[in-house]
Amino acid sequence: MLINSAQSVVADALRGMAAAHPDLDVDVERRVVVRRDARDGGRVGVVSGGGSGHEPLHAGFVGYGMLSAACPGEVFTSPVPDQMVRAAGAVDAGQGVLFVVKNYTGDVLNFEMAAELAEEDGLRIECVLVDDDVAVTDSLYTAGRRGTGATLFVEKIAGAAAEEGAPLDRVASLARQVNESSRSFGVALSACTTPAKGSPTFDLPDGELELGIGIHGEPGRERRPMMSAREIAEVAVGAVLEELAQIGPADGPVLALVNGMGATPLLELYGFHAEVARILAERGVPVARTLVGNYVTSLDMAGCSVTLCRADEELLRLWDAPVQTAALRWGR
Amino acid sequence: MLINSAQSVVADALRGMAAAHPDLDVDVERRVVVRRDARDGGRVGVVSGGGSGHEPLHAGFVGYGMLSAACPGEVFTSPVPDQMVRAAGAVDAGQGVLFVVKNYTGDVLNFEMAAELAEEDGLRIECVLVDDDVAVTDSLYTAGRRGTGATLFVEKIAGAAAEEGAPLDRVASLARQVNESSRSFGVALSACTTPAKGSPTFDLPDGELELGIGIHGEPGRERRPMMSAREIAEVAVGAVLEELAQIGPADGPVLALVNGMGATPLLELYGFHAEVARILAERGVPVARTLVGNYVTSLDMAGCSVTLCRADEELLRLWDAPVQTAALRWGR
Amino acid sequence: MRDADFFRHWMAAVAASVEREADRLTELDSPIGDADHGSNLLRGFTAVVAALGAQPPTAAPGEVLQLAGRTLISTVGGASGPLYGTLLRRTGKALGESDEVSDAELRAALAAGVDAVAQLGGAAPGDKTMLDALEPGVAALGTSYRAARVAAENGALATVPMRARKGRASYLGERSIGHQDPGATSSALLLGALADVAEPEGAR
Amino acid sequence: MRDADFFRHWMAAVAASVEREADRLTELDSPIGDADHGSNLLRGFTAVVAALGAQPPTAAPGEVLQLAGRTLISTVGGASGPLYGTLLRRTGKALGESDEVSDAELRAALAAGVDAVAQLGGAAPGDKTMLDALEPGVAALGTSYRAARVAAENGALATVPMRARKGRASYLGERSIGHQDPGATSSALLLGALADVAEPEGAR
Ligand SMILES: Nc1ncnc2c1ncn2[C@@H]1O[C@H](COP(=O)(O)OP(=O)(O)O)[C@@H](O)[C@H]1O
Ligand SMILES: Nc1ncnc2c1ncn2[C@@H]1O[C@H](COP(=O)(O)OP(=O)(O)O)[C@@H](O)[C@H]1O
Ligand SMILES: [Mg+2]
Ligand SMILES: [Mg+2]
Ligand SMILES: [Mg+2]
Ligand SMILES: [Mg+2]
C-alpha cells in the first residue's frame, strides 16, 4: 500500500487534500473539510460524511453546488459526532443544515448524536438517510438497505437546491425524493485490503465474483463463477429496475451512475456501461444523464455498481446546475 | 476482469463512451473519437492516440479546449496509421493538425506513417513527441525517454492554444515547450493484467515495489523492498527535480500531476500527494497548480507517478483556460 | 465497596485486553463485517486511558465511566463507538455522584447501561450483536463477577450459529451464520476485564 | 520459380504458426515488454489471410506481399506492425510485377526488406530486436531455405544474453539481459514458415 502507516492514512490524505485544493478549508486534526465560502450568501448547509475509503465520496464533493462540508471517519468507520457538530457549526449561516447519512448503523447512530448536540447548540438540523442498495432487503431481519451510489445523486441535487437558496425543508424533501427514486446494485471481482488489516477482507478466488456487495469490503449476498460484463450488467440492471418498478410506474427518464469500485480500469468500466446502456435501451428506459467513473469506491476493490435515479424535470434541472468540487465539475 | 472478451475490450469501451458522451462522435468500427464540433471555428486540430489501457488518456480528453480527436489502439498497442489519418481528416479545418505522440517505437512509427499519408492527402501535419519519463535515460542505448504523465499537460495546453485560435506552428511550439519543461517518475506496487494475457505482466510479490516504471505494465529499472509513501515521494520527486535542474535554472512555479496508475485508492494517492507537496515546499519549489487523480493509468496497476512541468505565465494561462472533456473539466 | 480507582483499573484492563485481542477482533469482523472492530476499540480505549489519566483524581466512579463513555463516542465512530459509549455513560450516570459504590449498585447501573444499548441500537438478544454477551453477562453478575465473565463468553460463542439481524452482518443474511460476532466477543472482554479487576487472580 | 500461390501459402503458414505460438510470443513479451506481441501478430496475420483471400487471384507475387504488408500496417499497430509491414511491402515492391520470381530474386528482395526495417527502426544487429533473426536468416538464404530457418532460430536464441538497445526492452537496461526477444522469435517463425513452404517435409 502507498501509505506511511495504517494509523496515519486519513490524516495524510487530508493533508494532501489541503495541499491540492486551496479552496477547501481542511482541518486535519479535527477531520472536517469545509468549503471556504460555505457561510457566504446565507445558504442552507449540506453536510455529509462517513468512513474513509470511498473517495472521492464525500470530501471530493465539497464545493460550489454540492456539499458545504464533509466529515471523513477512519477507513470504513463512520465519523464521530464531534466532527459533524463542528462541520455544522462551520457551515451554518442561520438557515439550518442538512445531514446526508448513508444507512449504516454506525453512521446513523453517530449522525443522530451529532444532530442532537447541534440542535442543543441552537442549530436547525434535518437528516436524510440514503438507502438505495437493493442487494439488502429492507426488513425486520436486516439493518435496512445500505447507502451506496445514490449518495452522489442526493448530495449533488441537495447541494444544487441549497446553492439556489432553497430553504432547509425543501432541500431535505428534495434529498429524500432523490433517495426514494434511486436504487443500486454492486458486484465485486476482488476483495479490498484495508490498511489496518493489510490483507483482503474476504477470500475471493480468481474466476469467482460476489453479487450484491456493499462498499465496505464486506462479502455480498451470493458468490458465482465469473460472468461476462454482459451477464453482470443483466443481473445488476435487472435487480435495480425490478426494485424501481415497486416504487410505482415510471414517469420519466433516469439518471445513471455506472460506478467503479476503485481498481476496475476505466476501459473495463466503459465496456460495462455499453452493456448497461444497451439493456436500458432494450427495456425502454430513457437515460437522461450518465456518469461513468470511480465515484463511490471501496478502496482497491475491483468491481462496479449501477445506480439509477428516476428524475423529474426539477431533479434534472438541479442535476445540470453548475457544480465545482474536486471530483465533480461542470457548468462553472 | 469486467469484460466480454479480450478481443472486444476496446470496441466495447468505445460503445460505452458513445453511450455516455453524446457530445463525442465515436466511430467504434474505425476506432476514432472525435469532438463533434471539431471543425467549427476553423481551429488547428489536436490529435493524439496510443495503446488503450491508460484511460482516461486519450479519449477522455477529447472536447472543448483539449483534444480534437483521439485514436485508441488495442490494449498497450499503438494505433494503426489508418486511425490517425481518419482522425486528421475529420478534424482538419484547413489550419492543419498537431499529432501528440508518446515516445514509444510503435507510436512513433505509426504516427510517422500517418503523418506521411495525411500530408499526401494535402493536410498540414506537425508532430510533437512526448518523452518525460526520467527513469529511462535518453541515450544511444535506449529507445529514448518514454512519454507518460506530461502527455496530459501537452494535450491540455496545446488544446487551449488551438481553442484560442493559435496557428499550427504556435500550437506545436507550445506543445514542445511543455514537453521540454516536464519530467516524470513512476512507481508500481503491483503489476497489471492485460485482457489478452489474463495474468499479471510480471511477478511483483507483496512487500516489494518497482521503481521507474512506465505505463505499459513493463517492469521498472529497479526492484526494492516496500517503501513508505514518504520514501517513495522522496525518490520520485528527487529524480524529477534532478532532471529538471539539468534543463536550466528554475524560473517560475511548476504544475504538478500526482497520478494514480489505476488501482491505487484516491485515499492513498492524496496521502502520497501530501508528501510530494511537503518535499516541494521544503526544496523551495513553488507549485502553481495541482492535479491529483487517475489520469494516465496502466490498467489495474497499483502505484503512482509524479510529473512536474515548469510553467511560465503563458503556460499557466493556457492551463487555466476552460476545458470540457469527459475526464478534465473546468471553467465551463 | 468500589472506588474510582477500581473503575480506572477496569478501564485500563479493558484497554490491555483490547490491545492484546485487537487483531482477533478485526479478523472476526472480516467475514461478516468491515474488518475494523479491533482497530476501532483499540483507538477508543487508548483514548479512554489517556482521558482518565488527565481527569482530576477526585472524580467519582460515575464520572470516571461517563468520561470513558464520552471518550469512546468522540474517538471510535462506527456502530461500536456510540453503543459502548452509551453503555459506559449510562452506567456512569446510574452510579450517581457517590465516591464509592456497592457491587449491587454497579450491577443495577450496568443493567441500565445495557438497556440503553438495546434502546439505542434497537437490537434484542438473538440478533447476533454485543447484546448477546452483555445481557447474559450482566445478568450473571448476581452470582459472581467470574460467572459474568463465563456467561458473556458463552454468549459470544452462542452467536456463532445465529443469523444476524442488526449491524453489518445482517446484510449477509444466511451467510452470517457460522461466524462469531466481533462485538459480542469484545463485550466478553469488557466483562472479563471487570472480573479480573473485581476478583483478581490472587483472590480466586 | 515461385508464383503468387507460393507467397499465399507462405503467408498462410506464418498465420498458422503465429496462431500456434501466440501465447508464447506474448509470454516472451511480458518480462521485457508489454505482453502483446502474440496477440498483435495473431490479429495481423489473421487479417492478412482474409485480405489475400479477397485479392484477385491474378495478383502477382509482389502484389501479394505488398497487400500483406499494408494489411499488417493497418491492423497490427505497435512496433511490430510498421516493421513487419514494411518488411513485406518493401520485399513485395522489390519483387516487381512479374508473375514468377526466382529464389535469387526473392533473396535479394528480402534483403531489401530487411534493410528497410533497419532503416525504419534505426536498429542494428546486436540491439536485441527482430533484426537479430532477420539478418542472419536472410543471409543464410544463399545456402538454403532450411539454413535460413536455422540461422534465424539461432539468431533469436542469441538475443537472450543481449542487452536491448531498441524497443521497449531497452527501458529495462541491464534487466533486459537473460530474456529472448519476442520479435526475433516471431521473425524465426516467419522464415521457418518460408522454409516449410519452399522445401516441404516430403521434399526434405
Ligand atoms: N444495532 C446494534 N445493536 C447492538 N450492537 C450492534 C448493533 N449493530 C452493530 N452492533 C455491534 O457492533 C459490532 C461492530 O462494531 P464495529 O465493527 O466497531 O462497527 P461497524 O459495524 O460500524 O464497523 C457488531 O459486531 C455488533 O456486535
Ligand atoms: N526499433 C526497432 N527495430 C527493430 N525491431 C524492433 C524495434 N523496436 C522493437 N522491435 C521489435 O518489436 C518487438 C515488439 O513488438 P510488439 O510487442 O508487437 O510491439 P510493442 O513493443 O509496441 O508492444 C520487439 O521484440 C523487437 O523485436
Ligand atoms: Mg466500520
Ligand atoms: Mg505494445
Ligand atoms: Mg466493523
Ligand atoms: Mg509488445
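Refer to the structure printed above.
An account of the accompanying structure is given in this report. Each chain has its residues counted from 1, following the order in which its sequence is written. Working convention: letters from A go to chains and numbers from 1 go to ligands, in the order in which they are written. Owing to the predicted nature of the model, reporting of local features is limited to residues with pLDDT of at least 70; listing and counting of side-chain atom pairs is limited to 80 or more, with chain, interface and lining totals taken over all residues. As a rule here, side-chain values come from all non-hydrogen atoms in the structure, and water together with hydrogens is ignored.

### Observations regarding the overall build of chain A
Put simply, DSSP marks the helices as runs of H or I at least four residues long and the strands as runs of E at least two long, and each gets a number from the N terminus on. The secondary structure content of chain A amounts to eight helices and 15 strands. In this setup the radius of gyration rests on C-alpha atoms only. A globule is expected at 2.2 Å times the number of residues raised to 0.38. In summary, chain A has a C-alpha radius of gyration of 19 Å against a globular reference of 20 Å for 332 residues, a match within 12%. C-alpha extents for chain A along the principal axes are approximately 55 × 50 × 40 Å. Contact definition: two residues touch when any of their heavy atoms are within 4.5 Å. Taking all contacts inside chain A whose residues are at least 6 apart in sequence as the whole, residues at least 24 apart take part in 73%. The Shrake-Rupley method, run with a 1.4 Å probe sphere, supplies the accessible areas, and residue values consider only the shown protein chains as cover. Carbon and sulfur atoms form 47% of the exposed surface of chain A, whose accessible area is close to 10300 Å². Averaged over its 28 positive side-chain charges, chain A has a centre that lies 3 Å from the centre of its 46 negative ones. Charged residues are defined here as Lys and Arg on the positive side and Asp and Glu on the negative side; His and the ends of the chain fall outside this count. For charged residues, the charge sits on one atom: NZ in Lys, CZ in Arg, CG in Asp, CD in Glu.

### Some points on the overall build of chain C
Each helix and strand counted, chain C has eight helices and two strands in total. Its helices and strands taken in sequence order, chain C reads β-α-α-α-α-β-α-α-α-α from the N to the C terminus. The globule rule puts the C-alpha radius of gyration for 204 residues at 17 Å, and the 16 Å found for chain C is close to it. Across the 204 residues that make up chain C, the buried fraction comes to 59%. In chain C, of all internal contacts separated by at least 6 residues, the share reaching a separation of at least 24 is 68%. Buried means the residue's accessible area, taken with a 1.4 Å probe over protein chains only, is under 20% of the maximum for its type, while exposed means over 50%, and partly exposed covers the values in between.

### Focus: the site of ligand 1
Inspection of the region around ligand 1 gives 21 residues, with D34, H37, A79, S80 and D181 of chain C positioned closest. Positioned at a junction of chains, ligand 1 has nearby residues supplied by chains A and C. Side-chain polar atom of N40 of chain C to an oxygen atom of ligand 1: 2.9 Å apart, as the coordinates give it. One of the backbone N or O atoms of A79 of chain C is found 2.9 Å from an oxygen atom in ligand 1. Taking 560 Å² as the accessible area of ligand 1 by itself, protein coverage stands at 96%. Contributing elements (two or more residues each) for the shell around ligand 1: α2 (37–54), α4 (80–95) and α8 (182–198) of chain C. Take the shell around ligand 1: its biggest share by element is three residues, from α8 of chain C. Any residue outside Ala, Val, Leu, Ile, Met, Phe, Trp, Tyr, Cys, Pro, Asp, Glu, Lys and Arg is labelled polar, Gly included; the first ten of those are nonpolar and the last four are charged. Taken together, the residues that form the shell around ligand 1 break down as six nonpolar, nine polar and six charged. Consider each residue's heavy atoms; a residue with any of them within 4 Å of a molecule or strand counts as near. Under this definition, polar contacts are N or O atom pairs within 3.5 Å; protein pairs additionally need one hydrogen-donor-capable and one acceptor-capable atom, and for neighbouring residues in sequence, both atoms have to be side-chain atoms.

### As for the interface of chain B and chain D
In this assembly, 35 residues from chain B lie in contact with 31 residues from chain D. Defined here as a combined quantity, buried area equals the accessible surface (1.4 Å probe) lost by two parts on assembly, summed across both. For the pair chain B and chain D, the two sides together bury roughly 2600 Å², of which 56% comes from carbon and sulfur. Take a side-chain nitrogen of Lys or Arg and a carboxyl oxygen of Asp or Glu: if they are within 4 Å of each other, that pair is a salt bridge. If you look at where chain B meets chain D, you find two salt bridges. Measuring nitrogen to oxygen at the nearest pair gives 3.5 Å for the salt bridge that ties K197 of chain B to E27 of chain D. For the side of chain B that touches chain D, the secondary-structure elements that each account for two or more residues are β5 (69–75), α2 (81–91), α3 (105–120) and β10 (222–225) of chain B. Counting residues per element, the side of chain B that touches chain D draws most heavily on α3 of chain B, at five residues. Residue classes in the side of chain B that touches chain D are distributed as 14 nonpolar, twelve polar and nine charged.

### Concerning the nonpolar core
One finds L152 and F272 of chain A together with F272 of chain B to be the most contacted residues of the largest nonpolar core, which totals 211 residues. The residues touching F272 of chain A, leaving out its near neighbours within four places in the chain, are A229, I232, A233, V258, C304 and V306 of chain A together with L2 of chain B. Among the nonpolar cores identified, the runner-up in size contains 55 residues, and W10, A118, A133 and A188 of chain C belong to it. By nonpolar core is meant a set of buried Ala, Val, Leu, Ile, Met, Phe, Trp, Tyr and Cys residues that side-chain atoms within 4.5 Å join together.

### A short note on the side chain of D92 of chain B
Residue and element names in this part refer to chain B. The topology assignment puts D92 in the loop between α2 and β6 (97–102). Although D92 is buried, it forms no salt bridge, and the closest oppositely charged side chain is R39 at an N-O distance of 6.2 Å. Engagement of the side chain of D92 in a polar contact is seen with the backbone nitrogen of G96, the distance being 3.1 Å.

### Let's talk about the sheet that holds strand β2 (residues 32–35) of chain B
Picture the strands of a sheet paired through backbone hydrogen bonds; they go either parallel or antiparallel. Residues and elements named next belong to chain B. When DSSP locates at least two bridges between a pair of strands, those strands are taken to pair. Strand order across the open sheet formed by six strands is β1-β2-β5-β3-β6-β7, with mixed pairing between neighbours. Looking along the sheet, the strands with just one partner apiece sit at the ends: β1 (24–27) and β7 (125–130). Going across the sheet, the axis of each strand differs from the next one's by a mean of 20°, ignoring polarity. Relative to β6, strand β3 (residues 45–52) runs parallel, the two sharing four bridges. Paired with V46 across the bridge in β6 is L98. Sheet contacts for α3: β3, β6 and β7; angle to β6, the most-contacted strand, approximately 165°. For helices, the axis comes from a line fit to the C-alpha atoms of the stretch in contact; other axes are also lines fit to C-alpha atoms, and the angle between any two N-to-C directions lies between 0 and 180 degrees. In the packing of helix α4 (residues 150–164) onto the sheet, contacts are made with β2, β3, β6 and β7, and the angle to β6 comes to roughly 175°.

### Some thoughts on the interface of chain A and chain B
Where interface size is given, it is often the accessible area lost as the parts come together that is meant. With 48 residues of chain A in contact, the opposing surface of chain B contributes 48 residues. Of the roughly 3900 Å² buried between chain A and chain B on both sides combined, carbon and sulfur atoms contribute 65%. For the chain A face of the interface with chain B, the top three residues by lost area are L2, L267 and Y270 of chain A, together amounting to 22%. One can count two salt bridges joining chain A with chain B. Here R15 of chain B and E275 of chain A are joined by a salt bridge, their closest N and O atoms 2.8 Å apart. For the interface between chain A and chain B, the tally reads 17 residue pairs in polar contact (both at pLDDT 80 or more). Of all elements in the fold, only α1 (9–20), α6 (229–247), α7 (266–282), β12 (287–293) and β15 (329–330) of chain A reach the threshold of two or more residues within the side of chain A that touches chain B.

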